[in-house]
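Letter by letter, the chains look like this.
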Amino acid sequence: MTSWKDKPMGLPKTHGHPFPNPIRKFVAVAATTFLLGGVNVAQAQGQELMVRISEIEVDAKYLEQYKAILEDEAEASVRLEPGVIAIFPMYRREKDTEFRILEMYASREAYEAHLKTPHFQKYKSGTLHMVKSLKLVDMQPLDAATMTRIFRKSINNQ
């Protein structure tokens, strides 16, 4: 069985606002990458696209430090890695130490390359002691073509 320490994660600061500037900036970078240089819809509809939801619980005493490290990692992943379509972190309103991260990669190979990057390794090693639990849930998109409309809307609303 794989331990949570062997699994990836990724998250921007929110400062109590529903959609603060860091998240809007993050979505814009992800959308631009996807639309201009990323994955085409045909590829997204195929078996290559890898979509996952990471479920993470963080020790409350490390919450702000964890968010800061995740903000850096998520932004760098989307900006620097062409195979990373999106890493979109969220936390539960009822319990701010529980996170859900939507991760989208152009392929399994892109995901494997992501795990080897310096920014991910820095994130992983810097947060190991903060994470209480991690569960990775692989997903299959029902309508991958809709993604382009979602990202276009995000860019148009900036």
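Residues numbered from 1 in each chain as written. Predicted model: local features only at pLDDT ≥ 70, side-chain atom pairs only at ≥ 80, totals over all residues. Heavy atoms only, no water.

Side note on the packing of aromatic side chains
Aromatic ring pairs are reported here in terms of the distance separating the ring centres and the angle at which the planes meet. Tallied over the full model, the rule gives 5 aromatic pairs. Taking the centre distance of 6.4 Å and the plane angle of 70° together, the rings of tyrosine 91 and phenylalanine 99 count as edge-to-face. Look at phenylalanine 99 and you get buried, because its relative accessible area is 0%. With a centroid separation of 5.2 Å and an interplanar angle of 70°, the aromatic rings of tyrosine 105 and tyrosine 111 are classed as edge-to-face. According to the relative accessible area criterion, tyrosine 105 is buried, its value standing at 0%. The class for tyrosine 111 is buried, based on a relative accessible area of 4%. Ring pairs connect the aromatic residues Tyr66, Tyr91, Phe99, Phe120 and Tyr123, which therefore count as one cluster. Arginine 52 extends its terminal NZ or CZ atom over the ring of tyrosine 111, reaching a point 4.8 Å from the ring centre. (Phe/Tyr/Trp six-rings, centres within 6.5 Å; stacked < 30°, edge-to-face > 60°. Buried < 20%, exposed > 50% of the residue type's maximum accessible area, 1.4 Å probe, protein only. Lys NZ or Arg CZ within 6 Å of the ring centre and 35° of its normal.)

Observations concerning the nonpolar core
Ranked by internal contacts, the top residues of the largest apolar core, which has 21 residues, are Ile56, Val58, Tyr66, Ile87, Phe99 and Tyr105. Secondary structure elements with two or more residues in this core: strand E1 (50–58), helix H3 (63–80), strand E2 (84–91), strand E3 (98–105), helix H4 (108–115), helix H5 (118–127) and strand E4 (131–139). In terms of residue count, the dominant contributor to this core is H3 (5 residues). Core analysis: the next-biggest nonpolar cluster, separate from the first, contains 6 residues, Leu49, Val51, Met104 and Met147 among them. (Core = buried A, V, L, I, M, F, W, Y, C linked by side-chain atoms within 4.5 Å. Helix = DSSP H or I, 4+ residues; strand = E, 2+ residues; numbered from the N terminus.)

Details of the pairing of E2
Pairing analysis gives 7 bridges linking E2 to E3, with the strands arranged antiparallel. Note on E3: the bridge partner recorded for valine 84 is tyrosine 105. Between E2 and E3, which pair antiparallel and follow one another directly, the connecting turn spans 6 residues. (Pairing = 2+ DSSP bridges.)

Section: the environment of isoleucine 56
Of note, isoleucine 56 is situated in strand E1. Sequence spacing of isoleucine 56 and leucine 134 is 78 residues, and the spatial spacing of their C-alpha atoms is 4.5 Å.

Observations concerning the sheet that holds E1
Backbone hydrogen bonds hold the strands of a sheet together, and the pairing may be parallel or antiparallel. Strands sit in the order E2-E3-E1-E4 across an open sheet of 4 strands; the sheet is antiparallel. In the strand order of this sheet, the two ends are held by E2 and E4, each with one partner. The mean angle between the axes of side-by-side strands here comes to 15°, regardless of whether they run parallel or antiparallel. Here E1 runs beside E3; their pairing, made up of 8 bridges, is antiparallel. Across the sheet, residue methionine 50 finds its bridge partner in E3, namely tyrosine 105. Contacts from H4 reach E1, E2 and E3 within the one sheet, and its direction differs from that of E1 by about 35°. (Axes fitted to C-alpha atoms, helices over the stretch in contact; angles between N-to-C directions. Contact = heavy atoms within 4.5 Å.)

Some words on the side chain of histidine 114
Along the chain, histidine 114 falls in helix H4. If we ignore the near neighbours within four places in the chain, the residues touching histidine 114 are Glu73, Ser77, Glu81, Val84, Ile87, Tyr105 and Phe120.

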